Amino acid sequence: MPSFDIVSELEIFEVNHAVQNTQKEIATRFDFRGQDVSIELNEKAKEIKISTESDFQCEQVYNMLENHFFKRKIDIQALDPQKMSASGKHIVQVIKLKDGLDSDTAKKINKAIKDSGIKVQSSIQGDKIRVTDKKRDTLQQVMAFLKQEQFGLPLQFNNFKD
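Please read these numbers as outputs of a predicted model, since none were measured by experiment. (Residues numbered from 1 in each chain as written. Predicted model: local features only at pLDDT ≥ 70, side-chain atom pairs only at ≥ 80, totals over all residues. Heavy atoms only, no water.)

1. Some points on the overall build of the protein
On a plain count of helices and strands, the protein comes out with four helices and nine strands. Relative to the compact-globule value of 15 Å for 162 residues, the protein shows a C-alpha radius of gyration of 19 Å, a clear excess of over 25%. When the backbone C-alpha atoms are referred to their principal axes, the protein occupies close to 65 × 25 × 25 Å. In the protein, buried positions account for 39% of the 162 residues. Considering only contacts within the protein whose residues lie at least 6 apart along the sequence, 62% involve residues at least 24 apart. (Helix = DSSP H or I, 4+ residues; strand = E, 2+ residues; numbered from the N terminus. Rg over C-alpha atoms; globule rule 2.2 N^0.38 Å. Buried < 20%, exposed > 50% of the residue type's maximum accessible area, 1.4 Å probe, protein only. Contact = heavy atoms within 4.5 Å.)

2. Things to note about the layout of surface pockets
Put simply, the largest pocket is a space of about 160 Å³. Taken together, Asp75, Gln77, Leu146, Lys147, Glu149, Gln150, Phe151, Leu153, Pro154, Leu155 and Phe157 make up the full set of residues lining the largest pocket. Taken together, the residues of the lining of the largest pocket sort by class into six nonpolar, two polar and three charged. (1 Å grid on protein atoms, 1.4 Å probe; cavity = no way out; pocket = protein on both sides within 12 Å on 5 of 7 lines; lining within 4 Å. Points joined across faces, edges and corners; volume = space filled by probe spheres on them. Nonpolar A, V, L, I, M, F, W, Y, C, P; charged D, E, K, R; others polar.)

3. So, the pairing of strand S6 (residues 90-97)
Extensive coverage of S6 is indicated by the burial of six of its eight residues. Bridging between strand S3 (residues 47-52) and S6 involves six bridges; their strand directions are antiparallel. If you follow Ile50 over to S6, its bridge partner there is Gln93. Relative to S6, strand S4 (residues 79-81) runs antiparallel, the two sharing three bridges. Paired with Leu79 across the strands is Leu97, a residue of S6. When strand S5 (residues 85-87) meets S6, the two strands line up antiparallel, connected through three bridges. Across the sheet, Ser87 pairs through a bridge with His90, a residue of S6. (Pairing = 2+ DSSP bridges.)

Below, the structure written as structure tokens:
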């Protein structure tokens, strides 16, 4: 029976490259010369920390990070920017990385599949959703449907079995 899994996985090495490229761009930009600007990735906590001297600079660094995510083909929906906070003379922004399907989102996706009218079997299995049907074409319809929908995090389709 043909099936596939819906997952939301973040390739942390690609995120690391995007952060390193942003650091290189900060070092070469004229408007950041002599300024105390930094960006760091904490892989264990799955968050990126931007520290600048002003909120405008913080927004600029965040835009550069988004551009590098786009260049490395990482979905920007994986970024969850928190509010900027002031600590001393620095503005700090923490950006959490969305990795994995949480149960609420998995339920929303499952409900959207059921409400779409496409006759397939879908079940939540931990941090993934398994979709099965007798025809491959129907599974491809589900993939196309889910690509059009917005669930607030990037979705990947893997483990496609015939």
